[in-house]
Amino acid sequence: KVLVVTDSVLTELGIVSRVTAALSEAGVDAVVYDGVRPDPTFAQVKVGHAHYAAAGCQGVLALGGGSPIDAAKVIAAMATNGGNIDKLEGKLRVRRAPAPLFAIPTTAGTGSEVTVAAVISDTDTHLKKFFLDPKLLPTMTALDPTLMVGIPAPITAATGMDAHPHAVESYLAKTATPHTQSYATISVRLVFEHLLNAFRNGADLEARQGMALASYYGGLAFTRTSVGYVHAIAHNLGAYYGTPHGLANALALPHVLDFSEQAAQRQLAELGDVIDVPGDTDAAKARGFIEAVRSLAASLEIPTTLEALRADDVPALADLAMAEAFLDYPVPRYMSKRDCEGVITKLLPTA
């Protein structure tokens with residue numbers, strides 16, 4: 001018996017019933033918990049664990065985007081580690097192997113199906129809590145583009161622009177290796193080849209498969225190198241305002257690349273070569289790549305500002321983002337508080 005951890009939208013779209021029917025045909029009983037929301041909270045994970053325990057489940061199947069997959073990781077860990085989520089938060093805190101965990105991503109963005117991390121929000125403190133342990137890696141993952149066909153265009157855009165900074169920030173990281181850069185290169189190329197097609201025609205299976213692989217390879221890259229300021233800012237926009245993670249990443253990415261341009265000029269130029277940006281110098285190719293990122297976001301109808309953002313919150317958001325990046329992220333150039341506030345201020349809604 002497995003607990004299917006998912007969200008209500010996938011239930012309404014009929015995707016959950018397709019999966020549970022297939023499980024039934026294989027002789028596997030399924031209990032569905034579809035209470036996960038974007039940026040899952042401690043409370044949602046606790047409810048999911050209660051469903052697991054009450055039904056006597058023996059494993060967990062994550063079905064959905066990064067939020068259900070992250071929630072499922074922690075539920076599976078709770079199932080074999082006393083059921084206390086607080087004792088699992090942090091690095092290498094999962095003492096016993098989680099319950100068998102499987103993942104079927106239905107969005108192409110987070111790469112959570114191949115990472116050792118989960119992010120859960122604490123609604124009381126407005127902080128994102130990180131769970132980092134190799135034991136959180138799903139046992140098996142299935143990439144099925146047919147399950148992604150019904151995803152609405154705006155979600156396709158936002159999740160695709162989540163996969164993109166995974167690859168880009170991994171490529172620019174000081175911890176990058178030729179191995180991780182090869183994964184990131186594949187991901188960047190696939191995003192530029194397929195994301196716009198998937199956005200414009202959700203039934204394009206080649207584009208859906210290309211984006212599923214872009215997300216997968218981006219996850220393989222950043223789980224080995226970590227990420228950077230794009231994620232540090234996006235995590236805290238999500239915790240403060242409930243901003244979907246992909247959208248928050250898309251908003252922050254071009255401004256952070258502007259800030260890092262000189263320090264990471266060679267790497268940005270190499271990424272420019274991946275997507276055939278014209279230019280005779282590294283400086284021209286680096287600038288061309290950043291502008292290509294902006295152009296892609298505009299074609300995907302992603303806004304350039306965040307309606308929920310308030311000027312009074314900017315200093316606190318900058319403090320949180322800087323603290324997160326300073327402790328964990330091997331960025332090519334560190335920000336001062338003023339630098340970080342400047343980036344976030346660019347996301348303020350216009351009058």
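Here the structure is a predicted model, which means the values were calculated and not measured.

## Considering the overall build of the protein chain
And then number 1: Check the secondary structure of the protein chain and you find 13 helices and 8 strands.
And then number 2: Computed over the C-alpha atoms, the radius of gyration of the protein chain is 19 Å, within 12% of the 20 Å expected from 2.2 N^0.38 for a compact globule of 351 residues.
And then number 3: In terms of its C-alpha atoms, the protein chain occupies a principal-axis envelope of roughly 60 × 45 × 40 Å.
And then number 4: Counting only residues that meet the buried cut, the protein chain has 54% of its 351 residues in that class.
And then number 5: Expressed as a percentage of contacts within the protein chain between residues at least 6 apart in sequence, the contacts between residues at least 24 apart total 75%.
And then number 6: Put simply, the protein chain shows about 14,300 Å² of open surface, and 54% of that area lies on carbon and sulfur atoms.
And then number 7: The protein chain carries 27 positive and 36 negative side-chain charges, and their two centres are separated by 6 Å.

## Some points on the nonpolar core
And then number 1: Of all hydrophobic cores here, the largest spans 68 residues; its most connected members are Met161, Ile233, Leu257, Phe289 and Leu300.
And then number 2: Top element by residues in this core is helix α6 (residues 178-200). It accounts for 9 residues.
And then number 3: Apart from residues lying up to four places away in sequence, Phe289 is in contact with His164, Val168, Val188, Phe192, Leu257, Leu268, Leu271, Gly272, Ile275 and Val277.
And then number 4: Core analysis: the next-biggest nonpolar cluster, separate from the first, contains 28 residues, Ala71, Ala76, Val94 and Ile120 among them.

## What about the packing of helix α9 (residues 245-260) against helix α11 (residues 282-299)?
And then number 1: α11 packs onto α9 with a crossing angle of 165 degrees between their chain directions and a minimal axis gap of 9 Å. Taken together, the axis directions place α9 and α11 in an arrangement best described as roughly antiparallel. The two elements α9 and α11 meet at a crossing, and its hand is left-handed. Only Arg287, Phe289, Ile290, Val293 and Arg294 of α11 make contact with α9, whose side of the interface consists of Leu253, Pro254, His255, Leu257 and Asp258.
And then number 2: The residue inventory of the contact of α9 with α11, partitioned by class, reads 6 nonpolar, 1 polar and 3 charged.

## What about the packing of helix α12 (residues 314-328) against helix α13 (residues 337-345)?
And then number 1: Interaxial distance between α12 and α13 falls to 9 Å at its minimum, and their mutual angle equals 120 degrees. Accordingly, the angle class assigned to the pair α12 and α13 is oblique. Seen along the crossing, α12 lies across α13 with a hand that is right-handed. Packed against α12, whose contacting residues are Val314, Pro315, Leu317, Ala318, Asp319, Ala321 and Met322, the element α13 presents Lys337, Cys340, Glu341, Ile344 and Thr345 at the interface.

Procedures and definitions
- Residues numbered from 1 in each chain as written.
- Predicted model: local features only at pLDDT ≥ 70, side-chain atom pairs only at ≥ 80, totals over all residues.
- Heavy atoms only, no water.
- Helix = DSSP H or I, 4+ residues; strand = E, 2+ residues; numbered from the N terminus.
- Rg over C-alpha atoms; globule rule 2.2 N^0.38 Å.
- Buried < 20%, exposed > 50% of the residue type's maximum accessible area, 1.4 Å probe, protein only.
- Contact = heavy atoms within 4.5 Å.
- Areas by Shrake-Rupley, 256 points an atom, 1.4 Å probe, with all protein chains shown as cover.
- Lys, Arg positive; Asp, Glu negative; His and termini not counted.
- Charge placed at Lys NZ, Arg CZ, Asp CG, Glu CD.
- Core = buried A, V, L, I, M, F, W, Y, C linked by side-chain atoms within 4.5 Å.
- Axes fitted to C-alpha atoms, helices over the stretch in contact; angles between N-to-C directions.
- Parallel < 35°, antiparallel > 145°, perpendicular 65-115°, else oblique.
- Left-handed = near helix turned anticlockwise from the far one by under 90°.
- Nonpolar A, V, L, I, M, F, W, Y, C, P; charged D, E, K, R; others polar.

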